[in-house]
Amino acid sequence: MNSLSVKHLLGIKYLTRDDIELIFATADEFKEVLSRKIKKVPSLRDTTVVNLFFENSTRTRISFELAEKRLSADIINFSSSASSVKKGETLIDTVRNILSMKVDMIVMRHPAPGAPVFLSRHVEASIINAGDGTNEHPTQALLDAFSIREKLGAVEGKKVAIIGDIRHSRVALSNILLLKKMNAEVMVVGPPTLIPNYIESLGVRVEYDVAAALRWCDAANLLRIQLERQEIQYFPSMREYSLYFGINKKLLDDLDKEILIMHPGPINRGVEVTSEVADSKHSIILDQVENGVAVRMAVLYLLSGNRMN
Ligand code: CP
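Calculation notes
- Residues numbered from 1 in each chain as written.
- Predicted model: local features only at pLDDT ≥ 70, side-chain atom pairs only at ≥ 80, totals over all residues.
- Heavy atoms only, no water.
- Helix = DSSP H or I, 4+ residues; strand = E, 2+ residues; numbered from the N terminus.
- Rg over C-alpha atoms; globule rule 2.2 N^0.38 Å.
- Buried < 20%, exposed > 50% of the residue type's maximum accessible area, 1.4 Å probe, protein only.
- Contact = heavy atoms within 4.5 Å.
- Near = heavy atom within 4 Å.
- Polar contact = N/O pair within 3.5 Å; in protein donor to acceptor, adjacent residues only side chain to side chain.
- Areas by Shrake-Rupley, 256 points an atom, 1.4 Å probe, with all protein chains shown as cover.
- Nonpolar A, V, L, I, M, F, W, Y, C, P; charged D, E, K, R; others polar.
- Domains from an automatic or database assignment.
- Pairing = 2+ DSSP bridges.
- Axes fitted to C-alpha atoms, helices over the stretch in contact; angles between N-to-C directions.
- Buried area = accessible area lost by both parts, 1.4 Å probe.
- Salt bridge = Lys/Arg side-chain N within 4 Å of Asp/Glu carboxyl O.
- Core = buried A, V, L, I, M, F, W, Y, C linked by side-chain atoms within 4.5 Å.

A. A look at the overall build of the chain. Scanning the chain for helices and strands turns up 11 helices and 9 strands. For a compact globule of 309 residues, the expected C-alpha radius of gyration is about 19 Å, and the chain comes in at 19 Å, within 12% of that figure. In terms of principal-axis extent, the alpha carbons of the chain reach across some 55 × 45 × 35 Å. Here the chain, with 309 residues, has 55% of them falling under the buried criterion. Counted over contacts in the chain with a minimum sequence separation of 6, partners at least 24 positions apart contribute 74%.

In structure tokens form, the structure reads like this:
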């Protein structure tokens, strides 16, 4: 198999296990390209990509732009704050105007869950979801699992604890869906108010004791508390959250094994993780960021192939 079963990357929920394995195998090849002196290939030379960001981003936006440049694509960067969206233009009108200038692919981040799916029903171009509200962040989950595979040799059979604000996190949902498709074991950990009731229907364990979760897992993926998406107060204070769910050196020293510490970023140092742990040998946070470029190159390359077929 050398093509994806989908035209768009709207969410992990639409991918098959074969799709995920193809993305990983392709990312392996691009990671090798990125280790060369000349890091550029002509694969997307005749392709124009628009990076359409309606929400803030550091890692995802830069990573996609770099991936596109490494693939020799032509790039347009769109930021909603400097656009005619501020004058009342709709999402569909904005995108149709951009596409009329012969744009082939859209990378989109939007605060509304489902915005990329909605758009995919109205335009011809391939759409890559770069995070839609509290719904999905598929390329983050792909790069997270790719990093686990790189460090632990496989994803299948590995135990991954996702710790933090599960309720508001698109990273949590995409990670759960991907890890389950790859036959990993998944545990979610956090204050009961930040773990939605439906979560066990996704086949994950729930744990409220962070020390027990660390004893169980091979990798701990720590998530930021998403205050900007919280309409009410879900726990008494950040200090209390950090006391009960923050990862510190003592928790890791008490283990009789090594585990991977992961974080999609941005980190709130001293809240979900101490600086000592975030910067320690256990942490693969910057490896995740590095792998994001190869994984996004793979997604762009594979979807551009589907577009041309
Ligand atoms: N991990 C992630 O999505 O980071 P950004 O919000 O900076 O893109």
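B. Representation of the site of the ligand in the model. Neighbouring residues of the ligand: Ser57, Thr58, Arg59, Thr60, Arg109, His137, Gln140, Pro264 and Gly265. Within the side chain of Ser57, a nitrogen or oxygen atom sits 2.6 Å from an oxygen atom of the ligand. In the model, a nitrogen atom of the ligand is placed 2.8 Å from a nitrogen or oxygen of the Pro264 main chain. Contact with the protein chains hides 91% of the accessible area of the ligand, taken as 250 Å² for the molecule alone. Per-class residue counts for the shell around the ligand are 1 nonpolar, 6 polar and 2 charged. Two domains each put at least three residues into the shell around the ligand: domain 1 (12-135 + 289-308) and domain 2 (138-286).

C. Spatial organisation of the sheet that holds strand β9 (residues 260-262). Pairing within the open sheet is parallel, and its 5 strands lie in the order β7-β6-β5-β8-β9. Taken across any chain shown, the strands that pair with only one partner, and hence form the sheet edges, are β7 (205-207) and β9. Taken over all neighbouring pairs, the strand axes of this sheet differ in orientation by 25° on average, direction set aside. With 3 bridges connecting them, strand β8 (residues 219-222) and β9 associate as parallel partners. Looking at the pairing, Ala219 lines up with Leu260 of β9. Across the sheet, helix α5 (residues 138-152) touches β5 (159-163), β8 and β9, and the angle it forms with β9 is around 160°.

D. Representation of the domain arrangement of the chain within the structure. In terms of domains, the chain is made up of domain 1 (12-135 + 289-308) and domain 2 (138-286). On a C-alpha basis, the centroid separation for the pair domain 1 and domain 2 is 26 Å. Listed per partner, the contact involves 31 residues of domain 1 and 29 residues of domain 2. Contact between domain 1 and domain 2 buries roughly 2,600 Å² in total, counting both sides, with carbon and sulfur atoms accounting for 59%. Considering only the surface of domain 1 that becomes buried against domain 2, Ile12, Arg17 and Phe24 emerge as the three largest contributors, covering 28% of it. Between domain 1 and domain 2 we count 4 salt bridges in total.

E. Spotlight on the sheet that holds strand β3 (residues 105-110). Read across the sheet, 4 strands follow the order β2-β1-β3-β4 without closing on themselves; strand pairing throughout is parallel. The open sheet has two free edges, formed respectively by β2 (74-79) and β4 (126-132), since each of these has just one partner strand. Within this sheet the neighbouring strands show an average axis-to-axis angle of 15°, counted without direction. Direction of pairing for strand β1 (residues 48-53) relative to β3: parallel, over a ladder of 5 bridges.

F. Seen up close, the nonpolar core. One finds Ile23, Ile128, Leu142, Ile162 and Leu300 to be the most contacted residues of the largest nonpolar core, which totals 63 residues. When residues of this core are assigned to their parent elements, the largest contribution, 9 residues, is made by helix α11 (residues 285-308). Beyond its immediate sequence surroundings of up to four residues, Ile128 is in contact with Leu9, Phe64, Met105, Ile106, Val107, Met108, Thr139, Val299, Leu300 and Leu303.

G. Region of interest: the side chain of Asn51. By secondary structure assignment, the location of Asn51 is in strand β1. What makes Asn51 buried here is its relative accessible area of 0%. Engagement of the side chain of Asn51 in a polar contact is seen with the side chain of Asn77, the distance being 2.9 Å. Sequence-distant contacts of Asn51, that is, excluding residues within four places in its chain, are made with Phe64, Glu65, Glu68, Ile75, Ile76, Asn77, Phe78 and Val107.

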